[in-house]
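# Geometric and topological summary
These are the residues of each chain, in order.
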Amino acid sequence: MKKYLVLTLFTAFLNLAFQPARQRIFMIGDSTMANKNAIDEPETGWGQVFHHLFTDAVEIQNHAVNGRSTRSFRTLGHWKKVHEQLQAGDYVFIQFGHNDQKTTDTSRYAAPQTDYKANLERYIKETQAKGAIPVLLTPVMRRKFNDSGKFADQHGEYPQVVKEVAAKYNLALIDLHTSSRKVIEQHGVSGSKKIFMHYPGGIFKKFPEGVEDNTHFSPYGAKLMANLVAEELNQQGNPLKYFLKKSVYPGKYEFELPLTYQPYFRKDTFNIVRYGAKPDGVTLNSKAINQAIEQANVAGGGTVLIPKGLWLTGPVLLKSNVNLHLDKGALLQFSDNRDDYPIVETTWEGQKALRCQAPVWGVNLENVGITGEGIMDGSGDVWKSVKRSKLTESQWKKYVSSGGVVNATNDTWYPSEQSRLGNQEANSWAVKWTEGKTIEDYKTVRDFLRPNMISLTGCENVLIEGITFQNSPAWTLHPLLCKHVTLRNVNVKNPWYGQNNDALDLESCRNGLMEGCTFDTGDDAITIKSGRDEQGRKRGVPTENFIIRNCTVFHGHGGFVIGSEMSGGVRNMFVNNCNFLGTDVGLRFKTARGRGGVVEKIYISDINMNNIPGEAILFDMYYMAKDPVPLNGEQNDLPEMKAEAVNEGTPQFRDFHISNVVCHGAETAILVRGLPEMSIKNISIENSNITANKGLVCIEGENISLKNVNLLTRNSKVMQVQNSRNITLEQIGYQAGKEVLLEINGERSENISLTKTDLRNVKSKVVFSNKASKKSFLDSL
């Protein structure tokens with residue numbers, strides 16, 4: 001018995017000693033999977049980036065090699081290196097097919113129904129003999145469209161053979177052949193080029209003349225393919241799913257996050273000085289700058305350089321494949337002569353409009369950049385009206401003495417008489433494009449038609465990096481109907497009293513990354529929109545698939561904002577690690593009847609706030625186009641809450657996931673204010689700590705969940721719920737000595753639960769404003 005026990009312990013020790021420290025995945029295959037050398041930039045194999053989708057408990061060895069088939073991978077000795085290392089429990093990912101098709105190359109060719117099948121089976125048997133686990137992958141698709149734009153499969157019988165072999169041996173199968181085709185088709189004939197190696201010459205050392213390769217992947221394409229593999233592992237319930245890396249966003253894995261393609265630019269440089277530009281602060285350099293941009297575009301792309309110095313200019317017209325680069329010390333000063341900006345057709349707050357042309361303008365461009373360490377100044381003071389209530393007395397006197405006009409009530413300053421006329425109620429037609437009005441009508445109020453500072457419409461592959469934008473006439477950065485937008489380390493500075501001085505408005509844009517940006521502005525900061533009312537619904541293009549991280553807002557109406565113009569919808573937004581310091585509202589989600597549209601699948605985590613005069617977290621369907629915090633003498637009274645019929649103009653907020661919010665000082669911690677006919681639905685807030693005057697106020701909410709949320713309030717009531725149902729309050733922290741922990745109002749309040757909460761330190765646990773709300777609460781218990 002003693003000998004048997006010793007032998008058992010010794011065997012267990014040996015198994016432990018020779019067990020891999022981490023879960024190991026070996027990858028064998030061809031160039032679509034293989035790691036690349038630095039000289040191969042930007043070519044990337046999907047196996048090269050696969051490790052980013054797993055936790056540190058996984059070790060991935062990518063042994064895939066360019067040009068290999070099931071035959072040559074073995075004959076050239078690559079498989080021997082893998083096989084010698086295999087141990088029980090290892091995984092081997094097997095993907096071949098591209099080079100097995102090469103009928104003229106006897107060293108690689110393997111007929112699908114004979115040699116190819118036999119080679120796969122041999123890999124499987126040898127892997128299993130070691131106690132390792134084979135996983136088969138069908139060949140990834142090449143990019144091939146026929147003349148009519150229909151996708152053409154070039155893989156013949158090979159994918160089906162892989163499926164049959166996987167079924168025969170009861171193996172896990174990743175059908176990358178099918179899933180990659182779907183992704184390529186979704187991107188379309190032109191858009192799918194960014195998945196593969198399609199680059200002009202003059203960018204990468206290995207490809208001086210450019211490259212058009214429909215087999216091998218760009219970094220963006222490789223990440224897409226790796227995500228598809230991880231997605232199938234997860235969907236199939238493969239044991240490797242437990243090693244997939246969770247993202248910082250609630251309930252999401254890394255492979256589920258959206259990807260953004262970032263453009264590259266030719267290294268050719270077009271210095272504006274060569275085209276006659278002068279940094280004297282007097283010469284209007286519009287012609288020189290635009291000529292340099294035009295020449296760069298004609299040459300196939302490049303960088304237009306704005307050197308150190310002050311450069312006065314009118315509108316700058318961007319072109320495809322051009323990067324407008326401001327050197328450190330460069331100040332691009334836009335003219336304060338309003339006549340330099342012609343009236344053009346554009347949009348204003350989500351609707352078709354005639355406005356003055358933006359200082360930086362681009363329409364239907366591809367691969368466009370605004371980069372560097374310089375500054376752009378929009379001369380916004382010559383465009384914006386200012387309310388007296390937002391200024392000190394000395395500031396007001398300074399504006400009045402500078403010229404312009406004051407209204408009859410002496411409470412608003414306008415930069416000109418045209419500006420004052422445009423702001424009058426009688427001329428409200430000027431706000432948007434109005435049937436029956438001509439360009440001559442708009443010229444009578446042209447000074448009112450202030451432009452957004454950076455206007456990019458219908459552009460694809462946009463990079464804005466490093467620049468400081470200040471003193472915008474209206475919205476500062478306005479990408480509209482753009483795809484693949486990257487904003488990195490961008491600074492925006494506008495006066496705090498600037499109306500419509502949003503820092504960023506992403507409108508009906510798809511796929512983007514925003515990181516490391518700092519905003520200090522007079523209106524909303526990071527703002528997500530998708531068109532207004534009927535026009536927005538007709539356009540029907542949501543803003544979707546954006547990651548926003550590591551940003552700071554020092555001032556603004558809202559830190560991260562969705563709405564109110566969200567009629568085309570908003571979805572799949574991911575916000576993490578942002579600071580909102582002194583913004584009127586922290587997380588601000590606003591809409592109104594008539595907007596329509598659905599906002600959903602919003603994931604927010606790790607948000608820090610302080611000194612918030614309004615709400616830390618606000619869901620509001622009664623937006624009234626007023627400042628979120630009333631100025632002295634103003635009231636933001638709610639309209640009467642009467643139910644109306646649901647129609648296409650009824651907006652919807654649903655499926656928000658918020659975690660790890662810390663706020664030091666706010667008027668209200670959380671305000672949820674839905675419509676009687678359309679409640680705000682499926683909101684989850686977890687692991688948060690908010691110090692505020694008021695705690696939770698929930699009106700017309702449904703499926704609202706607070707878990708492990710501390711509401712440290714001055715108000716004697718911690719939480720108020722009115723006409724809401726399916727409200728889950730779990731592990732709610734509060735300060736001792738409060739009068740009421742939870743007040744329930746309204747006849748429609750039901751299914752409200754309060755659990756895992758210490759009830760010893762409050763005088764009244766739950767109170768009811770009327771018998772009906774008490775009855776509905778008791779009935780739900």
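One structure accompanies this document, and this report is about it. What you are looking at is a predicted structure, and each value in this text was computed from that prediction instead of being measured.

Calculation rules
Residues numbered from 1 in each chain as written. Predicted model: local features only at pLDDT ≥ 70, side-chain atom pairs only at ≥ 80, totals over all residues. Heavy atoms only, no water. Helix = DSSP H or I, 4+ residues; strand = E, 2+ residues; numbered from the N terminus. Rg over C-alpha atoms; globule rule 2.2 N^0.38 Å. Buried < 20%, exposed > 50% of the residue type's maximum accessible area, 1.4 Å probe, protein only. Contact = heavy atoms within 4.5 Å. Areas by Shrake-Rupley, 256 points an atom, 1.4 Å probe, with all protein chains shown as cover. Axes fitted to C-alpha atoms, helices over the stretch in contact; angles between N-to-C directions. Parallel < 35°, antiparallel > 145°, perpendicular 65-115°, else oblique. Left-handed = near helix turned anticlockwise from the far one by under 90°. Nonpolar A, V, L, I, M, F, W, Y, C, P; charged D, E, K, R; others polar. Pairing = 2+ DSSP bridges. 1 Å grid on protein atoms, 1.4 Å probe; cavity = no way out; pocket = protein on both sides within 12 Å on 5 of 7 lines; lining within 4 Å. Points joined across faces, edges and corners; volume = space filled by probe spheres on them. Core = buried A, V, L, I, M, F, W, Y, C linked by side-chain atoms within 4.5 Å.

### Re the overall build of the chain
Counting secondary structure elements, the chain contains 14 helices and 47 strands. Expected size for 781 residues packed as a compact globule is a radius of gyration near 28 Å; at 30 Å, the chain falls within 12% of this value. Across its three principal directions, the C-alpha atoms of the chain cover 95 × 80 × 45 Å. Looking at the chain as a whole, 56% of its 781 residues are labelled buried. Across the chain, the fraction of contacts at a sequence separation of at least 24, relative to all contacts at a separation of at least 6, is 72%. Counting only carbon and sulfur atoms, one obtains 48% of the accessible surface of the chain, whose full area is about 32400 Å².

### Some details on the environment of Val462
Assignment of secondary structure puts Val462 in strand S24 (residues 460-465). Relative accessible area serves as the criterion here: at 2%, Val462 is assigned to the buried category. Taking the C-alpha atoms as reference points, Val462 and Lys483, 21 residues apart in sequence, are found 7.7 Å from one another. Ignoring sequence-local partners within four residues, the contact set of Val462 consists of Pro263, Val368, Leu456, Lys483, His484, Val485 and Thr486.

### Describing the packing of helix H5 (residues 112-129) against helix H6 (residues 158-168)
Pairs of packed helices are described in terms of their axes, by the angle between the two and the distance that separates them. At a closest axis distance of 10 Å, the pairing of H5 and H6 adopts a crossing angle of 40 degrees. Taken together, the axes of H5 and H6 are oblique relative to one another. Between H5 and H6 lies a crossing of right-handed hand. In this structure, H5 contributes Pro112, Gln113, Tyr116, Lys117, Leu120, Glu121 and Ile124 to the contact, and H6 contributes Tyr158, Val161, Val162, Glu164, Val165 and Lys168. The class makeup of the residues in the contact of H5 with H6 is 8 nonpolar, 1 polar and 4 charged.

### Let's talk about the pairing of strand S39 (residues 652-673)
Strand direction decides the pairing type here: strand S38 (residues 598-620) and S39, joined by 16 bridges, are parallel. Bridge pairing in S39 links Asn608 to Val662. Both S39 and strand S40 (residues 680-692) contribute to a ladder of 8 bridges, which runs parallel. Across the sheet, the residue bridging to Cys663 is Ile690, located in S40. Across 5 bridges, the pairing between S39 and strand S41 (residues 694-699) is parallel. Directly across from Arg673, in S41, lies its bridge partner Ile699.

### A closer look at the sheet that holds strand S1 (residues 23-29)
Reading across the sheet, the 5 strands line up as S2-S1-S3-S4-S5 and stay open at both edges, with parallel pairing between neighbours. Single-partner strands in this sheet number two, and they are strand S2 (58-62) and strand S5 (172-174). Direction aside, neighbouring strands of the sheet carry axes that sit 25 degrees apart on average. Where strand S3 (residues 91-95) and strand S4 (residues 133-137) come together, 4 bridges link them in parallel fashion. Along S4, the bridge assignment pairs Phe93 with Val135.

### As for empty space enclosed by the protein
All chains considered together, the criterion is met by 1 cavity of 30 Å³ or more. Mapped onto the lining of the largest cavity, the elements with two or more residues apiece are strand S15 (343-348) and strand S16 (351-356). Ranked by residues supplied to the lining of the largest cavity, first place goes to S15 with 3 residues. Here the lining of the largest cavity is built from residues that sort into 5 nonpolar, 5 polar and 2 charged.

### Details of the nonpolar core
One broad rule of soluble globular proteins: the nonpolar side chains tend to lie buried together. Met376, Phe469, Phe519 and Phe560 are the most contacted members of the largest nonpolar core, which totals 119 residues. Among all residues touching Phe560, those that are not within four sequence positions of it are Ile526, Ile528, Ile548, Val575, Phe580, Gly586, Leu587, Arg588, Phe589 and Ile604. Of all hydrophobic cores here, the second largest spans 48 residues; its members include Phe217, Leu240, Leu244 and Phe255.

### Observations concerning the environment of Cys698
With respect to the element layout, Cys698 can be found in strand S41. The sequence separation of Cys698 and Ile670 amounts to 28 residues, and the corresponding C-alpha distance is 7.9 Å.

### A look at the sheet that holds strand S20 (residues 386-387)
Strand order in the open sheet formed by 3 strands is S20-S22-S21, with antiparallel pairing between adjacent strands. Each end of this open sheet is capped by a strand with a single partner; those strands are S20 and strand S21 (405-406). Sheet topology places S20 next to strand S22 (residues 412-414); 2 bridges connect them, and they run antiparallel. Bridging across to S22, Val386 finds its partner in Trp413. In the packing of helix H10 (residues 393-401) onto the sheet, contacts are made with S20, S21 and S22, and the angle to S22 comes to roughly 35 degrees.

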